[in-house]
Amino acid sequence: MGFVKYEVQDAVGIITIDREKALNALNSEVLDDLNAAFDNVDLDTVRCLILTGAGDKSFVAGADIGEMSTLTKAEGEAFGKKGNDLFLKIESFPIPVIAAVNGFALGGGCEIAMSCDFRICSENAMFGQPEVGLGITPGFGGTQRLARLVGMGMAKQMIYTARNIKSDEALRIGLVNQVVSSEELLPTAKKIASTIAMQAPIAVRACKKAINDGYQTDINSGAAIEEKLFGSCFETEDQREGMGNFLKKKDDPTKVKHVAFQNK
Ligand code: CAA
């Protein structure tokens, strides 16, 4: 995978988009490599992923403008589908994916960050959907996910004006959960990911599915989705061990002790 690096530390996988010379812009090859990286994650051992970009200047500066510049209508649609398919895969990936945004997250960069479960970023991060300045629409999910995350009015203003926003504004509008220094970005992401990895893994996956699937529907259907997933937890060893530990008062239940939990 030439443009993507993957490493695993304990139960946390780190996927790094590595095309630093082009500020990690997403061309077809990068999209293919990312797709392969997600396909190769060992879900029996990895419980949380971090997605970041190489270097400290840019997370992803968008889809590759050079590649897009000569596309026909049909090719444009196919390129959009290629990005959308990958980002939908990330969004519905069985385990949580945290975007650690280390600089520019523009166009496709903002869009891939939004397909992750949540985002933390460095102080030098900059977010935006500058596509209308290039004569196109956001094409990898920006017209859909930005409004869901920050509200219709703010999303429309950002997209129609092509205005980029800095990390403090991204925090204020809820596009990111936390802003830290560049040096602290990966350590902070790893700390959050490790905390997630220490929880009962089947329950974490079920929470992701319940939140994602429920968000697509009305509250009654969402409650029904939740009930099924809640019920399914009672067939797991994690539930028996987790509740058993509490009842035996063996440990402080607020202390994480699910490290030994199995994915069954
Ligand atoms: N596509 C292709 N190459 C890109 C790129 C992109 N999106 N963004 C940066 N690069 C390349 C530059 O061409 C340059 O390459 P060379 O050294 O070979 O000239 C290299 O990365 C460094 O970039 P700059 O010299 O421009 O760096 P800078 O610090 O002066 O500016 C920047 C940084 C403000 C991010 C600027 O590069 C920029 O505006 N990039 C484009 C951002 C953008 O418009 N993104 C949206 C793309 S459209 C999209 O993503 C559609 C979609 O929804 C699917």
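Here the structure is a predicted model, which is why all the values come from computation and not from measurement.

Cut-offs and rules
- Residues numbered from 1 in each chain as written.
- Predicted model: local features only at pLDDT ≥ 70, side-chain atom pairs only at ≥ 80, totals over all residues.
- Heavy atoms only, no water.
- Helix = DSSP H or I, 4+ residues; strand = E, 2+ residues; numbered from the N terminus.
- Buried < 20%, exposed > 50% of the residue type's maximum accessible area, 1.4 Å probe, protein only.
- Areas by Shrake-Rupley, 256 points an atom, 1.4 Å probe, with all protein chains shown as cover.
- Lys, Arg positive; Asp, Glu negative; His and termini not counted.
- Charge placed at Lys NZ, Arg CZ, Asp CG, Glu CD.
- Pairing = 2+ DSSP bridges.
- Contact = heavy atoms within 4.5 Å.
- Axes fitted to C-alpha atoms, helices over the stretch in contact; angles between N-to-C directions.
- Parallel < 35°, antiparallel > 145°, perpendicular 65-115°, else oblique.
- Nonpolar A, V, L, I, M, F, W, Y, C, P; charged D, E, K, R; others polar.
- Patch = residues over 30% accessible without salt bridge, like charges linked within 9 Å, V, L, I, M, F, W, Y side chains within 5 Å.
- Salt bridge = Lys/Arg side-chain N within 4 Å of Asp/Glu carboxyl O.

### Comments concerning the overall build of the chain
For the chain, the helix and strand inventory stands at 11 helices and 10 strands. Across its three principal axes, the chain shows a C-alpha extent of roughly 65 × 40 × 35 Å. A buried classification covers 45% of the 264 residues belonging to the chain. Accessible surface, the chain as shown: approximately 13,300 Å² in total, 56% of it carbon and sulfur. Charged side chains of the chain number 29 positive and 35 negative; the gap between the two group centres comes to 4 Å.

### Describing the sheet that holds strand E8 (residues 126-128)
Taken in spatial order, the 4 strands line up as E4-E6-E8-E9 in an open sheet, and their pairing is mixed. For this open sheet the edge positions go to strand E4 (58-60) and strand E9 (165-166), each flanked by a neighbour on one side alone. When E4 meets strand E6 (residues 104-106), the two strands line up parallel, connected through 2 bridges. When the bridges of E6 are listed, valine 60 appears paired with alanine 105. Taken strand by strand, helix H4 (residues 108-115) contacts E4, E6 and E8, and its axis lies near 75 degrees from that of E4.

### Thoughts on unusual backbone geometry
Positive phi, normally seen in glycine, also occurs at leucine 23, with a value near 55 degrees. Relative to the elements of secondary structure, leucine 23 occurs in the loop between strand E2 (12-17) and helix H1 (28-39). Look at alanine 162: it is not a glycine, yet its phi comes out positive at around 60 degrees. Secondary-structure assignment places alanine 162 in the loop between helix H6 (152-161) and E9.

### Describing the packing of helix H9 (residues 201-215) against helix H10 (residues 219-233)
Contact geometry for H9 and H10: axes closest at 9 Å, N-to-C directions at 170 degrees. Classified by the angle their axes make, H9 and H10 are roughly antiparallel. Where H9 abuts H10, its residues Ala203, Ala206, Lys209, Ala210, Asp213 and Gly214 lie against Gly222, Ile225, Leu229 and Cys233. Residue composition of the contact of H9 with H10, by class: 6 nonpolar, 2 polar and 2 charged.

### Topic: the environment of aspartate 32
Within the secondary structure layout, aspartate 32 lies in helix H1. Under the relative-accessibility criterion, aspartate 32 is labelled partly exposed at 40%. For the pair aspartate 32 and threonine 52, spaced 20 residues apart in sequence, the C-alpha separation works out to 16 Å.

### Brief notes about a nonpolar patch on the surface
On the surface, a cluster of nonpolar side chains totalling about 260 Å² of accessible area is made up of Ile65, Leu134 and Ile136. Mapping isoleucine 65 onto the fold places it in helix H2 (residues 65-68). For isoleucine 65, a relative accessible area of 47% translates into the label partly exposed.

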